[in-house]
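# Understanding the architecture of this molecule
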Amino acid sequence: MGRGGVAPAPRFEGYAPSSTRASMTARAIGRTETRAEIELRRALWKRGLRYRKNVATLPGRPDIVFPRARLVVFVDGDFWHGRDWEARLAKLKRGSNAPYWVAKIGANIERDRRKTEALRAMGYEVVRVWETDVLRDPAAAAGVIAGHVAAPIARASPRPATLGRAPAAAPQ
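Notes on the structure follow. Note that the coordinates shown come from a computational prediction; the quantities given were computed from them, not determined experimentally.

Criteria and cut-off values
- The residue numbering used here restarts from 1 in each chain and proceeds along that chain's sequence as written.
- The model is predicted, so local features are restricted to residues of pLDDT at least 70 and side-chain atom pairs to those at 80 or more, both for listing and for counting; the totals for chains, interfaces and linings are taken over all residues.
- Hydrogens and waters are ignored; side-chain quantities use all the structure's heavy atoms.
- Throughout this description, the term nonpolar core refers to a set of buried Ala, Val, Leu, Ile, Met, Phe, Trp, Tyr and Cys residues connected via side-chain atoms within 4.5 Å.
- Under the scheme applied here, a residue whose accessible area is under 20% of the maximum for its type counts as buried, over 50% as exposed, and between as partly exposed, the area being computed with a 1.4 Å probe on protein chains only.
- The way it works is that DSSP assigns letters per residue, a run of H or I at least four long becomes a helix, a run of E at least two long becomes a strand, and they are numbered from the N terminus.
- Here, two residues are considered to be in contact whenever any of their heavy atoms come within 4.5 Å of each other.
- Side-chain rings of Phe, Tyr and Trp (the six-membered ring for Trp) are treated as a pair once their centres are within 6.5 Å; stacked means planes under 30 degrees apart, edge-to-face means over 60, and tilted covers the remaining angles.

### Some words on the nonpolar core
One finds Leu40, Leu44, Ile64, Phe66, Val73, Val134 and Ile145 to be the most contacted residues of the largest nonpolar core, which totals 19 residues. At the level of secondary structure, the elements contributing two or more residues to this core comprise helix H2 (35-46), strand S2 (64-66), strand S3 (71-76), strand S4 (125-130) and helix H6 (138-150). Apart from the residues within four sequence positions on either side, isoleucine 64 is in contact with Leu40, Arg41, Leu44, Tyr51, Arg52, Leu71, Val72 and Val73.

Put into structure tokens, the structure is as follows:
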């Protein structure tokens, strides 16, 4: 643990991109306004739900926030947030720049856990959805979220609500 009981940020010095093209592609990927986020917000809006987006004052800068319901939603990319981590880990270990990618995705999974815990400590319910699940059926994802907005569950629940997302195993 670093200062103040906070884990230090991972360092990726000494790692190089596997190619110039890979580096340019990764750099072009945006943090917000992904197709999955837009589709989910559109489906929520059609249901009459109003929200705030990308609230910088909350840990993790949630993609969607329902302030009155104290509900936050993250639309997590399958690759970057470690969906099917065990299978992905095996594949990453065989690929280019394996140590970098294993450390990077593992650090993302751990950061997601810390941000979820911090939000729960602040009294927020956390819903995390996978981008491919949202893109497959935005209305279904919006329905699950609408259920949480309409009837907030007890905040003392031991784990965050999910849609098609089992908590990832600890990085190895």
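### Structural notes on the packing of aromatic side chains
Counting across every chain of the model gives six aromatic pairs. Relative to tryptophan 101, the ring of phenylalanine 79 has its centre 5.6 Å away and its plane inclined at 65 degrees; by these criteria the two rings are edge-to-face. Pair noted here: phenylalanine 79 is in the loop between S3 and helix H3 (85-94) and tryptophan 101 is in helix H4 (residues 98-121), with a separation of 22 residues, a long-range link. Classification of phenylalanine 79 by relative accessible area gives partly exposed; the value is 26%. Ring centres of tryptophan 80 and tryptophan 101 lie 5.6 Å apart, and the angle between their planes is 55 degrees; this geometry places the pair in the tilted category. Within this pair, whereas tryptophan 80 is found in the loop between S3 and H3, its partner tryptophan 101 is found in helix H4, the two being separated by 21 residues in sequence. An aromatic cluster is built from Phe79, Trp80, Tyr100 and Trp101, whose rings are joined through pairwise contacts.

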